[in-house]
Amino acid sequence: MNHSGVTLWFTGLSGAGKTTIASGVMSILQSRNCRVEMLDGDQVRTHLSKGLGFSKEDRDTNIRRLGFVAGLLSRNGIIAIVAAISPYRQIRQEIRQNTTNFFEVYVKSPLAICEARDVKGLYAQARAGKIQNFTGINDPYEAPLNPEIVCFTDLETVAESVSKVILKLEHKGYIC
């Protein structure tokens with residue numbers, strides 16, 4: 001094994017590019033024979049957090065579940081990649097405090113760009129009042145104050161963002 005366990009927490013608005021960048025990072029880590037697992041927010045909601053809504057309490061419960069699983073994985077020498085909106089700063093900080101080797105990646109993109117990328121039409125539905133508690137429209141997104149890295153997906157290519165994350169992981173000694 002050429003790495004230590006770490007939790008890579010990708011946070012940002014819907015459509016910012018979290019899953020795309022996280023998948024690119026995962027691919028590179030796998031090519032280096034790293035033990036890695038990805039927990040995607042949408043997939044976890046379908047299985048581990050089935051039945052939860054989008055109230056603040058339900059979102060916090062979902063993020064705590066993601067954090068718990070990621071913490072177990074990273075504690076056992078696996079690179080746990082989490083790609084989830086995780087809109088509230090306080091709960092992300094709670095996960096950080098309870099997780100050894102927590103590495104926050106803020107996937108930053110202007111709301112207008114995220115809306116333009118929205119193939120599911122969720123932003124339009126939220127603006128039309130058909131979806132309540134939608135992050136960025138009628139529910140807040142609290143940007144990280146001190147993330148380990150920021151990917152500016154309106155200014156960088158996916159490859160540049162992925163490379164930025166890999167280089168930072170190398171620099172911090174999480175991977176060789």
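Residues numbered from 1 in each chain as written. Predicted model: local features only at pLDDT ≥ 70, side-chain atom pairs only at ≥ 80, totals over all residues. Heavy atoms only, no water.

1. Re helix α4 (residues 89–97)
Every buried residue belonging to α4 is among I91, R92, I95 and R96, and all of these are buried. The arc that holds every buried residue of α4, seen down its axis, measures 150 degrees, which confines them to one face. Every exposed residue of α4 that faces more than 90 degrees away from the buried side is listed here: Q90 and Q97. Packed against the buried residues of α4 are β1 (6–11), α3 (56–75) and β4 (102–108). (Buried < 20%, exposed > 50% of the residue type's maximum accessible area, 1.4 Å probe, protein only. Helix = DSSP H or I, 4+ residues; strand = E, 2+ residues; numbered from the N terminus. Arc of directions from axis to C-beta. Contact = heavy atoms within 4.5 Å.)

2. Structural notes on the UniProt feature "binding site: ATP" (unreviewed entry) in the protein
Here, the residues flagged by UniProt with the feature "binding site: ATP" (unreviewed entry) are G12, L13, S14, G15, A16, G17, K18 and T19. Along the chain, S14 falls in the loop between β1 and α1 (18–31). We classify S14 as buried; its relative accessible area is 17%. If sequence neighbours within four positions are ignored, S14 has contacts with I85, C114, Y123 and F134. With respect to the helices, strands and loops of the structure, A16 is situated in the loop between β1 and α1. Contact partners of A16, with chain neighbours within four places excluded, come to V107, S109, C114, R117 and T153. (UniProt positions renumbered as here; feature names shortened; annotations may be inferred.)

3. Focus on the packing of aromatic side chains
What the rule picks out here adds up to four aromatic pairs. Here F103 and Y174 contribute two aromatic rings whose centre-to-centre distance is 6.0 Å and whose plane-to-plane angle is 85 degrees, an arrangement assigned as edge-to-face. You can see F103 sitting in strand β4 and its partner Y174 sitting in the segment after α7 (158–171), a full 71 residues away along the chain. The residues F103 and Y174 share a single accessibility class, namely buried. With 4.9 Å between their ring centres and 80 degrees between their planes, Y123 and F134 make a pair best called edge-to-face. Pair noted here: Y123 is in helix α6 (residues 122–127) and F134 is in the loop between α6 and β5 (149–152), with a separation of eleven residues, a long-range link. Taking the relative accessible area as the measure of exposure, Y123 reaches 1% and is therefore buried. Since its relative accessible area comes to 11%, F134 is described here as buried. The positively charged end of K56 is found above the aromatic ring belonging to Y88, 4.5 Å away from the centroid. (Phe/Tyr/Trp six-rings, centres within 6.5 Å; stacked < 30°, edge-to-face > 60°. Lys NZ or Arg CZ within 6 Å of the ring centre and 35° of its normal.)

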